[in-house]
Amino acid sequence: MPKSSFDTKRIIVALDYPDAAQARLLLAQLDPAQCRVKIGKELFTRSGPSFVEEVIALGFDVFLDMKYHDIPNTVAKAVLAAAELGVWMVNVHASGGSEMMQAAAEAVRSAKHQPLLIAVTVLTSMSAQDLAEIGLQASPQEQVQRLAALAKRSGMDGVVCSAQEVSALSENLGSDFVLVTPGIRPEGDSADDQKRIVTPSAALQAGSHYLVIGRPITKDANPREKLNTIFQKIHGDFGDLC
Ligand code: C5P
């Protein structure tokens, strides 16, 4: 495989735990120089902003995965609050529309600390049938392309998408539009409930900028060792990394 610009901080470990105590056990095994972490709705709802600040104080870059979707004013204020917490990345739903995304982008620009602002296109849990049910006749792929283009025009830094959509998106939207991909599974790992899985190396090869990895690391008996194995495999595939 060709050498890529991969650096080890392109892995985002999803802290999908019901409470801070369990998340702290994993954090103690992770190195903020090696990876970033993602805090989602469950952990944030239970442990709140003070836990986010605690994780940042440990030296981790935090992706606050709140997927905001509301009227423009409310989303802008929420995104500003996230920026003021000091998170590295925060996201909104592209289906909230251009006015909502522009308001969010403006709020980030007004903040002292400016996180990357990312839009969720179509949830990977949604099929064509699910889209039809909410009145959308497009295929998930068409809808992803439409929303990603709208997100770019509305000032977003990038989108969350499946690694299977990465090459088409970077072709259409440019290689500097940030593509964040969950649904990552090292070869041989269980897919769990993810439907369209891609290995870490294949996702990077396709052009994914950041890989969100949860259960393959969090459910392993030795998370630190598992992360190291993932790094080794990537190093093996891509050669000497920066
Ligand atoms: O455990 P697993 O690696 O499947 O975790 C993936 C993480 O990415 C979860 O936190 C999930 O909420 C998140 N995610 C996803 N699909 C999306 C957006 C976010 O799996 N479209």
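Our subject is the structure listed above.
Since the structure is predicted, the reported quantities are computational estimates derived from the model, not experimental observations.

Q: In this structure, what is going on with the site of the ligand? I would like to understand it.
A: Neighbouring residues of the ligand: 13 residues in total, closest Asp-16, Lys-38, Gln-194, Gly-214 and Arg-215. Between Gly-214 and the ligand, the recorded distance is 2.8 Å, taken from a backbone N or O atom to an oxygen atom. Residue Arg-215 places a side-chain N or O atom 2.7 Å away from an oxygen atom belonging to the ligand. Contact with the protein chains covers 84% of the free accessible surface of the ligand, which is 470 Å². Among the residues forming the shell around the ligand, the class breakdown is five nonpolar, three polar and five charged.

Q: How should I be thinking about the environment of Ser-208 in this particular structure?
A: With respect to the element layout, Ser-208 can be found in the loop between helix H8 (200-206) and strand E8 (210-213). Overall, Ser-208 belongs to the buried group, its relative accessible area being 0%. Along the primary structure Ser-208 and Leu-179 are separated by 29 residues, whereas in three dimensions their C-alpha atoms are 5.4 Å apart. Those residues in contact with Ser-208, other than ones at most four positions away along the chain, are Arg-10, Val-166, Leu-179, Thr-181 and Ala-203. Among the polar contacts made by the side chain of Ser-208, one reaches the side chain of Thr-181 at a distance of 2.7 Å.

Q: I keep staring at the packing of helix H3 (residues 72-85) against helix H4 (residues 98-109) and nothing clicks. Help me out?
A: If you want to describe how two helices pack, look at the angle between their axes and the distance between the axes. In the contact formed by H3 and H4, the axes pass within 8 Å of each other and the chain directions differ by 30°. In terms of axis orientation, H3 runs roughly parallel to H4. Where H3 crosses over H4, the two elements pack in a sense that is right-handed. Residues Pro-72, Val-75, Ala-76, Val-79 and Leu-80 of H3 pack against Glu-99, Met-100, Ala-103, Ala-104, Ala-107 and Val-108 of H4. Among the residues forming the contact of H3 with H4, the class breakdown is ten nonpolar, no polar and one charged.

The rules behind these values
- Residues numbered from 1 in each chain as written.
- Predicted model: local features only at pLDDT ≥ 70, side-chain atom pairs only at ≥ 80, totals over all residues.
- Heavy atoms only, no water.
- Near = heavy atom within 4 Å.
- Polar contact = N/O pair within 3.5 Å; in protein donor to acceptor, adjacent residues only side chain to side chain.
- Areas by Shrake-Rupley, 256 points an atom, 1.4 Å probe, with all protein chains shown as cover.
- Nonpolar A, V, L, I, M, F, W, Y, C, P; charged D, E, K, R; others polar.
- Helix = DSSP H or I, 4+ residues; strand = E, 2+ residues; numbered from the N terminus.
- Buried < 20%, exposed > 50% of the residue type's maximum accessible area, 1.4 Å probe, protein only.
- Contact = heavy atoms within 4.5 Å.
- Axes fitted to C-alpha atoms, helices over the stretch in contact; angles between N-to-C directions.
- Parallel < 35°, antiparallel > 145°, perpendicular 65-115°, else oblique.
- Left-handed = near helix turned anticlockwise from the far one by under 90°.

Without other data, these values stay purely geometric and don't point to any function.
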